[in-house]
Amino acid sequence: MRALNLFPPISLYSDATSLLSVNSLLSVNKYGVMETETKETELKNKEMEASMRYSRTIQGSIMSGEHNLYKHFPESFLIDKPKDIVSGDFFWLKEVNSKIVIVVGDCTGHGVPAALLSVLGVSLLNQLVLEEEITDPAEILKKLSMRLKKTFHNSSTYAEGIDLAVCCIDVDSETITYEGALRPAYFISDQTLTILKGSRHAITGDNNHLYSNKTYKFKKGDMLYLFSDGFADQFGGIKNKKLLIKRFQNILLEISHGSMGRQMLTLEQFFMKWKSDMEQTDDIMIAGIKL
């Protein structure tokens, strides 16, 4: 008896199938559709991820803000959660002439473009504060905007900007001098939250806005929070809506009396519960400082 040929000749397969590499991997995507991914593509993805993680390490070494934070304010915390591996949010802290300048920056977008902008922002801050010894927040923002204009030769990049919260803390006089570029900060004393309001103008290459400072008194044990907008802008909850700034303020009021570790843990747990299985919306940076 002649054996039955259960498999058609190779020539009967479609051209697409016959061209598949022997190294191809068959998988099902989230829509239930069969798709192929070659080992070469998988290797390139792993190499790209490794490169991004190394870039994150370099970015972190340039910032070095976390180390300085704990050095000057042992009772503090820093939440740094990039949407992708590298981040457009950054924390920066330096001491100059007995004054401590603290900055939280939120660059346009996220991922690699925002990360590049954050490195530029930190480089300019080092020039202004460390080399030129400028500690006045309004002056820092004004000159930072001017330096960005000189840096961006192409006017189309002017839309790329940085939102900044800038504090200058004078421990001797127990004062906070503050100005922000589209970023507020929160100050909590005796269970009362005060919004340190900033300007409505971000730092961009075409910004000629004149910034102005506000000064606040503090006492030992008061709390200061600087942050990007990523936490409050996260979608989630039962109705899949933004967390919003009012809810963020209420959480801070509830936890402000606790230890730094407990505050950080509570914020992270609340965020993860709110986000649930939703994708993270944006980079997140929150600095909590006990004065």
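Residues numbered from 1 in each chain as written. Predicted model: local features only at pLDDT ≥ 70, side-chain atom pairs only at ≥ 80, totals over all residues. Heavy atoms only, no water.

**Quick notes on the nonpolar core**
Our working rule: To define a nonpolar core, start from buried Ala, Val, Leu, Ile, Met, Phe, Trp, Tyr and Cys residues and group those joined through side-chain atoms within 4.5 Å. Relative accessible area decides the class of each residue, using a 1.4 Å probe on protein chains only: under 20% of the type maximum gives buried, over 50% gives exposed, and in between gives partly exposed. Every helix listed is a DSSP run of H or I at least four residues long, and every strand listed is a run of E at least two residues long, numbered separately from the N terminus.
Phe90, Trp92, Val101, Val103, Ile162, Leu164 and Ile203 are the most contacted members of the largest nonpolar core, which totals 28 residues. Looking at this core, the elements with two or more residues in it are strand E4 (89-96), strand E5 (99-107), helix H4 (111-131), helix H5 (137-151) and strand E6 (162-170). The element contributing the most residues to this core is H4, with seven residues. Grouped together as the second largest cluster of nonpolar side chains are 23 residues, Phe73, Phe91, Ile102 and Ala165 included.

**Here we look at the side chain of Lys275**
Going by this rule: Under the counting rule used here, the positive set is Lys and Arg, the negative set is Asp and Glu, and His together with the chain ends is not counted. Only one rule defines a salt bridge in this text: a Lys or Arg side-chain nitrogen within 4 Å of an Asp or Glu carboxyl oxygen. By definition, residues are in contact when any of their heavy atoms lie within 4.5 Å.
Structurally, Lys275 is set in helix H7 (residues 260-275). One buried charge, Lys275, has no salt-bridge partner; the nearest side chain with opposite charge is Asp277, at 7.6 Å. Once you skip the residues sitting within four places of it in the chain, Lys275 turns out to touch Gln234, Phe235 and Gln280.

**Section: the sheet that holds strand E10 (residues 214-217)**
What counts here: We treat two strands as partners when DSSP finds at least two bridges between them. Comment: axis = line fitted to C-alpha atoms, over the contacting stretch for helices; angle = value between 0 and 180 degrees taken between N-to-C directions.
One open sheet accounts for five strands, arranged E4-E5-E6-E7-E10; its pairing is antiparallel. Edge positions in the sheet fall to E4 and E10, since each has one partner strand and no second. Across the sheet, the mean angle separating the axes of adjacent strands is 20° when strand polarity is ignored. Here E4 pairs with E5 via eight bridges, running antiparallel. The residue bridging Trp92 from the neighbouring strand is Val103, located in E5. Where helix H3 (residues 65-72) meets the sheet, it contacts E4 and E5, and its direction lies at approximately 50° from that of E4. Strands in contact with H5 are E5, E6 and strand E7 (175-181); relative to E6, the strand with the most contacts, it is inclined by about 145°.

**What to know about the packing of aromatic side chains**
Counted only if it meets this: By convention, a stacked pair of Phe, Tyr or Trp rings (six-membered ring in the case of Trp) has centres within 6.5 Å and planes under 30 degrees apart, an edge-to-face pair has planes over 60 apart, and any other such pair is tilted.
Summed over all chains, the structure comprises seven aromatic pairs. Ring geometry for Tyr186 versus Phe227: centroids 4.7 Å apart, planes at 45°, classification tilted. Residue Tyr186 is located in strand E8 (residues 185-189), and its partner Phe227 is located in strand E11 (residues 223-227); the two are separated by 41 residues in the primary sequence. On the accessibility criterion, Tyr186 (1% relative accessible area) is buried. Residues Tyr186 and Phe248 carry aromatic rings whose centres are separated by 6.2 Å and whose planes lie at 45° to one another, so their mutual orientation is tilted.

**Re the pattern of salt bridges**
According to the stated counting rule, one finds eight salt bridges in the structure shown. The shortest N-O distance in the salt bridge between Glu75 and Lys290 comes to 3.7 Å. Here Lys290 lies in strand E14 (residues 284-290) and Glu75 lies in the loop between H3 and strand E3 (76-81), a separation of 215 residues in the sequence. On the basis of relative accessibility, which here comes to 47%, the residue Glu75 falls in the partly exposed class. Overall, Lys290 belongs to the partly exposed group, its relative accessible area being 23%. Through salt bridges with shared partners, a single ionic network connects Asp190, Lys219 and Asp222.

**Regarding unusual backbone geometry**
The phi dihedral of Ser98 is positive, around 65°, even though this residue is not glycine. When its relative accessible area of 49% is taken as the criterion, Ser98 is described as partly exposed. In this structure, Asp190 is a non-glycine residue whose phi angle is positive, near 50°. Relative to the elements of secondary structure, Asp190 occurs in the loop between E8 and strand E9 (192-196).

**Considerations on the packing of H4 against H5**
For any two helices packed against each other, one specifies the inter-axial angle together with the distance between the axes. For clarity, the threshold we go by: What sets the label is the angle itself: under 35 degrees gives roughly parallel, over 145 gives roughly antiparallel, 65 to 115 gives roughly perpendicular, and the rest give oblique. Crossing chirality is assigned from the near helix's rotation relative to the far helix, an anticlockwise turn below a right angle marking it left-handed and a clockwise turn marking it right-handed. Only Asp, Glu, Lys and Arg are considered charged, only Ala, Val, Leu, Ile, Met, Phe, Trp, Tyr, Cys and Pro nonpolar, and every remaining residue, Gly among them, polar.
Close contact between H4 and H5 brings their axes to 10 Å; oriented N to C, the two are set at 125°. As the angle between them shows, H4 and H5 are arranged oblique. The interaxial crossing formed by H4 with H5 has right-handed handedness. Of the residues in H5, those in contact with Leu120, Gly121, Leu124, Leu125, Gln127, Leu128 and Val129 of H4 are Ile140, Lys143, Leu144, Arg147, Leu148 and Thr151. For the contact of H4 with H5, the per-class residue count stands at eight nonpolar, three polar and two charged.

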